[in-house]
Amino acid sequence: MEDVRSLFHVLNRRYNNLEKDCCRIEGSGISLVHSHILYEIDKQNAPSMQQIADLLGIDITTFSRQIQTLIKMGLVMKSANPADKRYYFLSLTGKGKRTADDIAIIVNSNLDEIFSQMNEFERDTVVHSLKILTRSMGQLRSSKVSR
């Protein structure tokens, strides 16, 4: 039987290396974690700090330090929830949006190059399988949280 755990480790490591290379936008100082944070803020509608920390599986204290770094870099804005000042919403600045877009262009270009090495059937199979896998992983996580 195939060592599935090993396949996941290799896939995760290779994908992280792919994204890490994309974070090396000239002089940006963006780390892989920063890239993931920018991506999630960009995809959500005024997410809370806790929401993004939970999505990324980062404890709120560590996440807060990462957000402070991104604020100092001029990439993220943090605004208090008018209804409850203990909660903050996150958004990208113009510079943050451009940085997230630049990273997305590079990552998508690299993914296009990877998929170009496959025929149409293989590409469709991989994408379909990834959808099934991420759905199943999401269901497993949801059932463990609700226990």
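Predicted model, so just to flag it, every value in this text is computed and none were measured.

S.K.: Just to check I follow, could you spell out the overall build of the chain for this structure?
M.R.: Along its length, the chain carries six helices and two strands. Reading the chain from its N end, one meets helices and strands in the order α-α-α-α-β-β-α-α. If you line up the chain on its principal axes, its C-alpha atoms span 50 × 45 × 25 Å. Here the chain holds 147 residues, and the buried ones make up 24% of them.

S.K.: How should I be thinking about the pairing of strand β1 (residues 76-81) in this particular structure?
M.R.: For a regular strand, side chains alternate in direction, first toward one face of the sheet and then toward the other. Where β1 lies against strand β2 (residues 84-92), six bridges are found, and the strand directions are antiparallel. The residue bridging methionine 77 from the neighbouring strand is serine 91, located in β2. Two successive antiparallel strands, β1 and β2, enclose a turn made up of two residues.

S.K.: What is the right way to read the side chain of glutamate 19 from this model?
M.R.: Looking at the secondary structure, you find glutamate 19 in helix α1 (residues 4-22). Polar contacts involving the side chain of glutamate 19 include one to the side chain of tyrosine 15, which spans 2.7 Å.

S.K.: How should the side chain of threonine 99 be read in this particular structure?
M.R.: Mapping threonine 99 onto the fold places it in helix α5 (residues 94-116). Overall, the relative accessible area of 12% leaves threonine 99 in the buried class.

S.K.: Teacher, can you tell me more about the layout of surface pockets here?
M.R.: Empty pockets left among the atoms are what a rolling probe the size of a water molecule brings to light. Its volume calculated, the largest pocket comes out at about 1800 Å³. Lining the largest pocket are 39 residues, with Asn12, Tyr15, Glu19, Leu130 and Thr134 positioned closest to its centre. Every element with two or more residues in the lining of the largest pocket is listed here: α1, α2 (32-43), α3 (49-56), α5 and α6 (120-145). Class assignment for the residues of the lining of the largest pocket results in 23 nonpolar, eight polar and eight charged.

S.K.: Would you take a moment to explain the environment of arginine 135 for this structure?
M.R.: Here arginine 135 shows up in helix α6. Using a relative accessible area of 49% as the deciding quantity, one classes arginine 135 as partly exposed. Along the sequence, arginine 135 and phenylalanine 89 sit 46 residues apart, while their C-alpha atoms lie 27 Å from each other.

S.K.: Where do I start with the pattern of salt bridges in this structure?
M.R.: Two side chains that carry opposite charge are able to pair once their charged atoms sit near each other. In the structure shown here, the tally under the stated rule is three salt bridges. Among the ionic pairs, lysine 97 bridges to aspartate 42, the shortest N-O distance being 3.1 Å. In this pair, lysine 97 sits in helix α5 while aspartate 42 sits in helix α2, placing the two residues 55 residues apart along the sequence. Taking the relative accessible area as the measure of exposure, lysine 97 reaches 35% and is therefore partly exposed. The partner of aspartate 84 in a salt bridge is arginine 86, with the nearest N and O atoms 2.7 Å apart. Judged by its relative accessible area of 63%, arginine 86 is exposed. Bridged by salt links that share partners, the residues Asp42, Lys97 and Asp101 form one connected network.

S.K.: For this particular structure, what's the right way to read the confidence of the model for the chain?
M.R.: As a note on interpretation, predicted positions should not be read in detail where pLDDT is low. For the chain, mean pLDDT is 89; residues scoring 70 or higher make up 92% of the total. Averaged pLDDT values for the elements of the chain fall to 86 in α1 and rise to 96 in helix α4 (residues 60-72).

S.K.: Just to check I follow, could you spell out the packing of α1 against α5 for this structure?
M.R.: When two helices pack together, their arrangement is given by the angle between the helix axes and the distance between those axes. α5 packs onto α1 with a crossing angle of 135° between their chain directions and a minimal axis gap of 9 Å. In terms of axis orientation, α1 runs oblique to α5. Here the hand of the crossing between α1 and α5 comes out right-handed. Residue-level contacts link Tyr15, Leu18, Glu19 and Cys22 of α1 to Ile103, Ile106, Val107, Asn110, Leu111 and Ile114 of α5. Classifying every residue of the contact of α1 with α5 gives eight nonpolar, one polar and one charged.

Cut-off values and rules
- Residues numbered from 1 in each chain as written.
- Predicted model: local features only at pLDDT ≥ 70, side-chain atom pairs only at ≥ 80, totals over all residues.
- Heavy atoms only, no water.
- Helix = DSSP H or I, 4+ residues; strand = E, 2+ residues; numbered from the N terminus.
- Buried < 20%, exposed > 50% of the residue type's maximum accessible area, 1.4 Å probe, protein only.
- Pairing = 2+ DSSP bridges.
- Polar contact = N/O pair within 3.5 Å; in protein donor to acceptor, adjacent residues only side chain to side chain.
- 1 Å grid on protein atoms, 1.4 Å probe; cavity = no way out; pocket = protein on both sides within 12 Å on 5 of 7 lines; lining within 4 Å.
- Points joined across faces, edges and corners; volume = space filled by probe spheres on them.
- Nonpolar A, V, L, I, M, F, W, Y, C, P; charged D, E, K, R; others polar.
- Salt bridge = Lys/Arg side-chain N within 4 Å of Asp/Glu carboxyl O.
- pLDDT = per-residue confidence, 0-100.
- Axes fitted to C-alpha atoms, helices over the stretch in contact; angles between N-to-C directions.
- Parallel < 35°, antiparallel > 145°, perpendicular 65-115°, else oblique.
- Left-handed = near helix turned anticlockwise from the far one by under 90°.
- Contact = heavy atoms within 4.5 Å.

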